[in-house]
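So the chains spell out like this:
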Amino acid sequence: MSAALVPAEVLAPLGRARGRALMLGHVHPDADVLGTLLALGLALEARGWSVEWGGPHPAPAYLGFLPGIERYRRLERAARGWDVVVSTDCPNPARTEGLLEQARPGAVVVNVDHHADNRRYGDVNWIEPRAAATGEMVFDLLTALGDPVTPAVATNLYTAISTDTGSFRYSNVTPKTFTVAAALVTAGADPAAVASALFERREARAIGWLGEALGRVRLSDDGRVAWLALPAGVVPEAFVEAEDLVNYPRSVASVKVACLLRERDGEVKVSLRAKGEVDVQRIAAGFGGGGHRNAAGFTMSGPLDRATATVLGAVEAAITGGPSR
Ligand code: AMP
Ligand code: MN
Ligand code: MN
């Protein structure tokens, strides 16, 4: 495997026999950030490190099956005194809501990410945009460090890769994705158990919520844009977190850009998805957000209908402006 591609300056601080590590997550953590922080942190701990996990928001309930997730805490402030602060899957230090800068004095900040727009805020940075998920990178990292991939570690990394690739369906999937996934299954990750934990744990009421949400999907006259605007309180927040609702507007054949706009914490959280022709990362960047070419996001102020009109205008401009200007 390409473990040799892991930069030496990333291996050095993590290769020490012992130390204190803070595994720091981004806002509204997903399976890629949580799975990678847990996998790497559990490996360090098994080697004798003292490890803590946390971030600005708690882990969502739907990821409660990740081994070690009970160790992940919501942090109001971050303590100092770490040898290493690890940030994964986080393109922008602002996405730790100040925790990174609080924890930073005296520590080596290790920044491991697959977002091309990563701000390189670490003391050491390893950014690999060709990786489908940060989970692919952390597998290489553990291999290079010589740390054993236990079933717990494998389950965390397999879930990270599975979710960031839409269960191995998106265009970010490469041969390497399957190579790593195969190694993780060999090491004890159970694909059926992970898929069941992710997709077959809905409470009965969620079918009604799904209907409520999907009834709000709208399509532009030319069929190229589909969107779903979800006011606060229509369905529970934990339900929206657990469901990739933006995939429903995306699934319409004619659609080039799909948008999910949801009211959250008095703001509007926007998720954009594309199918290769339109670069939604550029659209998101225009609103202060980021992401990948085919999956990006940002937050803007409401109200919801004004935000929706603004976003649809920007999407329309990107589509008529031609491919990836
Ligand atoms: P989401 O729409 O939240 O599922 O995010 C899709 C992609 O966009 C992920 O790679 C996120 O890391 C990225 N992303 C979402 N929101 C932001 C933001 N406010 N700033 C930077 N990147 C974001
Ligand atoms: Mn993430
Ligand atoms: Mn990711």
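Report on the accompanying structure. Keep in mind that this is a model prediction, so the values were computed, not measured.

Quick look at the side chain of Asp-113
Here is step 1: With respect to the helices and strands, the residue Asp-113 is situated in strand E5 (residues 108-113).
Here is step 2: A distance of 2.7 Å separates polar atoms of two side chains, one belonging to Asp-113 and the other to His-115.
Here is step 3: Non-local contacts of Asp-113, meaning those with residues more than four positions away in its chain, are made with Asp-89, Cys-90, Pro-91, Asn-118, Trp-126, Ile-127, Glu-128, Thr-134 and Met-137.

What to know about the nonpolar core
Here is step 1: Counting residues in hydrophobic clusters, the biggest one holds 47 residues, and the most contacted among them are Leu-14, Met-23, Leu-40 and Leu-184.
Here is step 2: When residues of this core are assigned to their parent elements, the largest contribution, ten residues, is made by helix H2 (residues 31-46).
Here is step 3: Setting aside chain neighbours within four positions, we find Leu-184 in contact with Phe-139, Val-149, Ala-154, Leu-157, Tyr-158, Ile-161 and Ala-189.
Here is step 4: Counting residues in each nonpolar core, the second largest holds 24 residues, with Val-268, Ala-284, Ala-307 and Val-311 among its members.

Section: the coordination of the manganese ion (ligand 2)
Here is step 1: Within the protein, the atoms that donate to the manganese ion (ligand 2) are His-26 (NE2), Asp-30 (OD), Asp-30 (OD) and Asp-89 (OD), at distances of 1.9 to 2.6 Å.
Here is step 2: Ordering the donors of the manganese ion (ligand 2) by residue number gives the pattern H-x3-D-x58-D.
Here is step 3: Separating the manganese ion (ligand 2) from the manganese ion (ligand 3) is a distance of 4.3 Å, and Asp-89 supplies a donor atom to each of them.
Here is step 4: Judged by its relative accessible area of 3%, His-26 falls in the buried class.

Focus: the coordination of the manganese ion (ligand 3)
Here is step 1: Protein ligation of the manganese ion (ligand 3) involves Asp-32 (OD), Asp-89 (OD), His-114 (NE2) and Asp-164 (OD), the donor distances falling in the range 2.1 to 2.2 Å.
Here is step 2: Here the donor residues for the manganese ion (ligand 3) map to a single chain with the spacing D-x56-D-x24-H-x49-D.
Here is step 3: The buried category is assigned to Asp-32, whose relative accessible area is 0%.
Here is step 4: Looking at Asp-89, the relative accessible area reads 3%, which means it is buried.

Quick word on the sheet that holds strand E1 (residues 20-24)
Here is step 1: The strand order E3-E2-E1-E4-E5-E6 describes an open sheet built from six strands, whose pairing is parallel. Two strands lie at the open edges of the sheet, namely strand E3 (72-74) and strand E6 (124-127), each paired on one side alone. Averaged over neighbouring strand pairs, the angle between their axes works out to 20° when direction is ignored.
Here is step 2: Where E1 lies against strand E4 (residues 84-88), four bridges are found, and the strand directions are parallel. Each bridged residue has a counterpart across the sheet, and for Leu-24 the counterpart in E4 is Ser-87.

Describing the packing of aromatic side chains
Here is step 1: Within the structure shown, the criterion is met by four aromatic pairs.
Here is step 2: Ring plane angle 45° and centroid distance 5.7 Å describe the contact between Tyr-158 and Phe-168, whose orientation is recorded as tilted. Of the two residues, Tyr-158 is situated in helix H5 (residues 151-164) and Phe-168 in the loop between H5 and helix H6 (175-186); the sequence distance between them amounts to ten residues.
Here is step 3: For Tyr-158, a relative accessible area of 9% gives the class buried.
Here is step 4: A relative accessible area of 21% places Phe-168 in the partly exposed class.

Rules used throughout
- Residues numbered from 1 in each chain as written.
- Chains lettered and ligands numbered in written order.
- Predicted model: local features only at pLDDT ≥ 70, side-chain atom pairs only at ≥ 80, totals over all residues.
- Heavy atoms only, no water.
- Helix = DSSP H or I, 4+ residues; strand = E, 2+ residues; numbered from the N terminus.
- Polar contact = N/O pair within 3.5 Å; in protein donor to acceptor, adjacent residues only side chain to side chain.
- Contact = heavy atoms within 4.5 Å.
- Core = buried A, V, L, I, M, F, W, Y, C linked by side-chain atoms within 4.5 Å.
- Buried < 20%, exposed > 50% of the residue type's maximum accessible area, 1.4 Å probe, protein only.
- Donors = N, O, S within 2.8 Å, 3.2 Å for Na, K, Ca; no water.
- Pairing = 2+ DSSP bridges.
- Axes fitted to C-alpha atoms, helices over the stretch in contact; angles between N-to-C directions.
- Phe/Tyr/Trp six-rings, centres within 6.5 Å; stacked < 30°, edge-to-face > 60°.

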